[in-house]
Each structure stands twice: as structure tokens, then as C-alpha cells.
Amino acid sequence: ISAAEAGSAVRVIQLDTNMGKGYAVRQGMLKAEGDCCIFTDIDLPYDLTAIPYAFHLIHDIGFDCVAGDRTLHYSSDVASRPLVRKLASKVFSRGIALLVIGGIFDSQCGFKAFSRRLARAIFPLLTINRFSFDVELYYLLLKYNIVIRRIPVHLKHHDVSTVSVVGHFWEMTCEVLAIPFKWHSGKYRSDVLADFYVEDKYWEKNA
């Protein structure tokens, strides 16, 4: 089904210039109007049952962030990918997990969902326009102590991507290593995100 055939059910946001995946995702999330805002890869590589489950966790249970994680026990990967790409992606993700976002071993999974209030608060702060924007996103979620509900995903296929982890390694690494410096310089300051820090409110009330 095309966007034209879907009618009012689909809203197409067209960008005049290709500014990168991170920029495109940011524009879409900021214009999303539903209570649950989800983004995934254009080729829909993951089993779509993740969508209603993420919606349930956000709309009914009350989570603000749900993220797919291919390293979880019940996740599966039947997609065929070149061995070099698979290894390079794993090395990058593990390195980033150790250096920048400890404990998150699948920052690059292309399935994430947010409550609208969190999406409106966090996406304007993102500065990375290309593929490592996911790392920046996780960094802010962890720094502001926002609960990330990780869920298994089933990767069914993997189309050719425009990103090369090997070819873009240094660019992505430099972008990622700059994130902590931006944090300490106050680049990511947000009073709205600070309101998600429940423990902070508790200690203020009981001081």
C-alpha cells in the first residue's frame, strides 16, 4: 500500500536535502502526534508484532521508552548479512557499550518507541544527524535516569544499507566520543527531562 492509498492514515514528511538518518528520524518523531511514537528501519526488518507490544508497554503499562535489543535471550536473527559487516557491527556496539553507554549492547537496533511527552523532550536535544544518533539517544536516557524497557526482536531480513560500519568507523567513533564533552558543557541540559527523574523528586520531598 502506498502513502496515497492509505490516505489520512499516513502522513509523509519530505525533506529537501538528505541530512542523514538521525536528522530524518528526529524530524519524524517531533512531528508525530500519537501517544506512542515508534521508529523503525524503512525496510521493516523486524517482526511487526513488536509494534503492538511496544504500544501496550507505553500506553497501558506506563513506560516512556521501549527499545528492541537483538542480544536478549528470546531475540532471533534469521537475516543473511555479510560476515565482515556482522562482526564490525558487533565490535562497534560492544566498544560503545564499554566506553559510552555501559550495559547497553545493542544501541543500533532499529526499533524504538517513546511516549509522546518523552519524544518531544529528548529529540530536540540530539545533535548527531547520521547513524550514531542512537548512541547519543541512549546516552541521554541513561544520564537522565529514564527507564529503558528492552524487548526481544525478531530480525527477519536485512536489506542493503547505506551505512558501512567499516567505512564510517572513524566518523562514527568521533561523533560518539564527543557526546560526553557535550554533556559536560551543558549542551544537553533539559529541565523537562529532569522531571522524569522520579528519585530526585522523592529526595526533594523527604529532605
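Relevant structure appears above.
What you see is a predicted model; the values in this text were computed from it and never measured.

The rules behind the values
- Going along each chain's sequence as written, the residues are numbered from 1 onward.
- With pLDDT at 70 or above as the cut-off, local features in this predicted model cover only qualifying residues; side-chain atom pairs require 80 or more to be listed or tallied, and sums for whole chains, interfaces and linings still use all residues.
- With hydrogens and water set aside, each side-chain value is computed from the structure's full complement of heavy atoms.
- By convention, a stacked pair of Phe, Tyr or Trp rings (six-membered ring in the case of Trp) has centres within 6.5 Å and planes under 30 degrees apart, an edge-to-face pair has planes over 60 apart, and any other such pair is tilted.
- Here a strand is any run of E in DSSP of at least two residues, a helix any run of H or I of at least four, and the numbering for each starts at the N terminus.
- Buried means the residue's accessible area, taken with a 1.4 Å probe over protein chains only, is under 20% of the maximum for its type, while exposed means over 50%, and partly exposed covers the values in between.
- One speaks of a salt bridge when a side-chain nitrogen belonging to Lys or Arg is within 4 Å of a carboxyl oxygen belonging to Asp or Glu.
- In what follows, residue pairs with any heavy atoms lying within 4.5 Å of each other are defined as contacts.
- Definition used in this section: a nonpolar core is a set of buried Ala, Val, Leu, Ile, Met, Phe, Trp, Tyr and Cys residues joined via side-chain atoms within 4.5 Å.
- Pairs of N or O atoms within 3.5 Å make up the polar contacts considered here, provided that, within protein, one atom can donate a hydrogen while the other can accept it, and that residues adjacent in sequence are counted only when both atoms are side-chain atoms.
- The rule for pairing is simple: two strands pair if DSSP sees at least two bridges between them.

Participant: Sorry, what's going on with the packing of aromatic side chains here?
Facilitator: Each aromatic ring pair is summarised here by two numbers: the centre-to-centre distance and the angle between the ring planes. This structure, assessed with the given rule, holds six aromatic pairs. The interplanar angle of 45° and the centroid separation of 5.9 Å between the aromatic rings of F39 and F133 together place this pair among those described as tilted. Remark: F133 occurs in helix α6 (residues 133–143) and F39 occurs in strand β1 (residues 36–40); sequence separation between them is 94 residues. Accessibility classification places F39 together with F133 in one group, the buried group. Between F114 and F123, the ring centres sit 5.3 Å apart and the planes meet at 85°, which makes this aromatic pair edge-to-face. By relative accessible area, which is 0% here, F114 ends up buried. Put simply, the rings of F39, F114, F123 and F133 pair up and form one aromatic cluster.

Participant: Can you help me understand the pattern of salt bridges in this one?
Facilitator: Opposite charge on two side chains allows them to pair when their charged atoms are near. What the rule picks out here adds up to 10 salt bridges. Note that R70 is salt-bridged to D106, the shortest N-O span being 2.6 Å. Here R70 is found in the loop between β2 (65–68) and β3 (76–77), whereas its partner D106 is found in the loop between α4 (83–99) and β4 (111–115), with 36 residues between them in sequence. Judged by relative accessible area, which is 26%, R70 ranks as partly exposed. Put simply, D191 and R189 hold a salt bridge, and the shortest N to O gap is 3.7 Å.

Participant: How do you make sense of the environment of Y138 when you look at a structure like this?
Facilitator: Tracing the sequence through the fold places Y138 in helix α6. Taking the C-alpha atoms as reference, Y138 lies 10.0 Å from Q108; in sequence the two are 30 residues apart. With sequence-adjacent residues up to four places away left out, Y138 is seen in contact with A67, G68, I101, I104, D106, S107, K112 and I148.

Participant: Sorry if this is basic, but what is going on with the nonpolar core here?
Facilitator: Generally speaking, a soluble globular protein has its nonpolar side chains buried in company with each other. Counting 33 residues, the largest nonpolar core has F114, L118, F123, L141 and L193 as its most contacted members. Mapped onto this core, the elements with two or more residues apiece are α2 (21–31), β1, β2, α5 (116–122) and α6. It is α6 that provides the largest number of residues to this core, a total of seven residues. When near neighbours in sequence (up to four residues on either side) are disregarded, L118 contacts D64, C65, L141, I146, L193 and F196. Counting 13 residues, the second-largest nonpolar core is a separate cluster that includes A54, I58, F111 and A113.

Participant: Would you explain the side chain of S132 in this entry?
Facilitator: Topologically, S132 is positioned in the loop between α5 and α6. In terms of polar contacts, S132 uses its side chain to reach the side chain of E175, at 2.5 Å. Each residue touching S132, except ones within four places of it in the same chain, is listed here: M172, E175 and V176.

Participant: Please explain the pairing of β4 as it appears in this structure.
Facilitator: One face of the sheet, then the other: side chains in a regular strand alternate in exactly this way. Taking burial as the measure, the five residues of β4 include five buried ones, the bulk of the element. Sheet topology places β1 next to β4; five bridges connect them, and they run antiparallel. The residue bridging T40 from the neighbouring strand is F111, located in β4. The sheet contact formed by β2 and β4 spans three bridges and is antiparallel. Along β4, the bridge assignment pairs C65 with F114.

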